[in-house]
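# Structure at a glance
Here are the chains, one letter per residue:
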Amino acid sequence: MVETLKSRPLRLGDYLPYRLSVLSNTISRNIAEKYEAAFGISMRQWRVMAILGEAPGLNATDISDRAAMDKVAVSRAVSVLIEMELVRRQATQHDGRRSCLFLTTRGEEIYGQIVPMAAAYEAELTGAMDADEVRKLLELLDACASVAAPDRTLW
């Protein structure tokens, strides 16, 4: 039986949410250093680009929801990406006050260059695991996600 917090004092190094957060931050920082050096974009900016590469035409609120990022952080990232001419904003036809976001041609080119870098880093991370362990890890992450966000799908 797994020892729970109810039966022991809190030790951050053993606390799953802490470990997942630190691991996530470390992984994000490691890959971000690569595309920041190559393309001058931050982790948050890349997340916006990655979401728009997968689902063009979203608005900033949609991006914030998908990435579980603060709306202000998304807004700042979008503003910089527009200044860098990697993202463009387009008013919607039915409501000129709402706008949708799209990668520009240059944004699509950079997205196309970063995707293989991200895939290579994922392969590096999972390289110490066999296919069954990777599958199980993904299943476990899905199980945690369904408890953490029972009302929506995280990915």
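Residues numbered from 1 in each chain as written. Predicted model: local features only at pLDDT ≥ 70, side-chain atom pairs only at ≥ 80, totals over all residues. Heavy atoms only, no water.

### Let's talk about the overall build of the chain
When its secondary structure is counted, the chain shows 6 helices and 2 strands. Listed by position from the N terminus, the elements making up the chain come as α-α-α-α-β-β-α-α. Seen along its three principal axes, the alpha-carbon backbone of the chain occupies a region of about 55 × 35 × 25 Å. Burial statistics for the chain: of 155 residues in total, 25% are counted as buried. Considering only intrachain contacts with a sequence separation of at least 6, the fraction spanning at least 24 residues in the chain is 48%. Element-wise, carbon and sulfur atoms account for 55% of the exposed surface of the chain, whose accessible area totals about 10600 Å². Put simply, the chain has 19 plus and 21 minus side-chain charges, and the middle of one group is 6 Å from the middle of the other. (Helix = DSSP H or I, 4+ residues; strand = E, 2+ residues; numbered from the N terminus. Buried < 20%, exposed > 50% of the residue type's maximum accessible area, 1.4 Å probe, protein only. Contact = heavy atoms within 4.5 Å. Areas by Shrake-Rupley, 256 points an atom, 1.4 Å probe, with all protein chains shown as cover. Lys, Arg positive; Asp, Glu negative; His and termini not counted. Charge placed at Lys NZ, Arg CZ, Asp CG, Glu CD.)

### Quick word on the nonpolar core
If you look at the biggest cluster of nonpolar residues, it comprises 26 residues, and the most contacted ones within it are Tyr 35, Ile 41, Val 48, Met 49, Leu 52 and Ile 63. Once residues within four sequence positions are removed from consideration, Ile 63 is found in contact with Val 48, Ile 51, Leu 52, Leu 58, Val 74 and Leu 101. (Core = buried A, V, L, I, M, F, W, Y, C linked by side-chain atoms within 4.5 Å.)

### Considering the side chain of Thr 104
Summarising the element assignment, Thr 104 is placed in the loop between strand S2 (99-103) and helix H5 (105-126). Sequence-distant contacts of Thr 104, that is, excluding residues within four places in its chain, are made with Glu 85, Leu 86, Val 87 and Arg 88.

### Section: the environment of Leu 16
Here Leu 16 shows up in helix H1 (residues 16-39). For Leu 16, a relative accessible area of 48% gives the class partly exposed. Linking Leu 16 and Met 49, residues 33 residues apart in sequence, is a C-alpha distance of 29 Å.

### A short note on the pattern of salt bridges
Enumeration according to the criterion identifies 3 salt bridges in this entry. In this structure, the salt-bridge partner of Arg 11 is Asp 14, at a minimum N-O distance of 2.9 Å. For Arg 11, a relative accessible area of 39% translates into the label partly exposed. The salt bridge involving Lys 136 is made with Glu 139; its shortest N-O contact spans 3.9 Å. Of this pair, Lys 136 and Glu 139 both sit in helix H6 (residues 131-148), 3 residues apart, roughly one helical turn. With a relative accessible area of 43%, Lys 136 lands in the partly exposed category. Overlapping salt bridges bring together Arg 135, Lys 136 and Glu 139 as one network. (Salt bridge = Lys/Arg side-chain N within 4 Å of Asp/Glu carboxyl O.)

### Here we look at helix H2 (residues 43-54)
Under the 1.5 Å per step criterion, the end-to-end length of H2 is 16 Å for 12 residues, consistent within 8% with the ideal 16 Å. Taken together, the buried positions of H2 are occupied by Gln 45, Trp 46, Val 48, Met 49, Ile 51 and Leu 52. Where H2 is buried, its residues contact H1, helix H3 (60-67), helix H4 (71-83), strand S1 (87-91), S2 and H5. (Expected span 1.5 Å × (residues − 1).)

### Thoughts on the packing of aromatic side chains
On inspection of all chains with the given rule, the structure shows 2 aromatic pairs. Taking the centre distance of 5.6 Å and the plane angle of 45° together, the rings of Tyr 35 and Trp 46 count as tilted. Taken together, the residues Tyr 35 in helix H1 and Trp 46 in helix H2 connect sequence positions 11 residues apart. Neither Tyr 35 nor Trp 46 differs from the other in exposure class; each is buried. In this structure an aromatic cluster arises from ring pairing among Tyr 35, Trp 46 and Tyr 111. (Phe/Tyr/Trp six-rings, centres within 6.5 Å; stacked < 30°, edge-to-face > 60°.)

In short, the description is geometric, and any link to function would need to be established separately.
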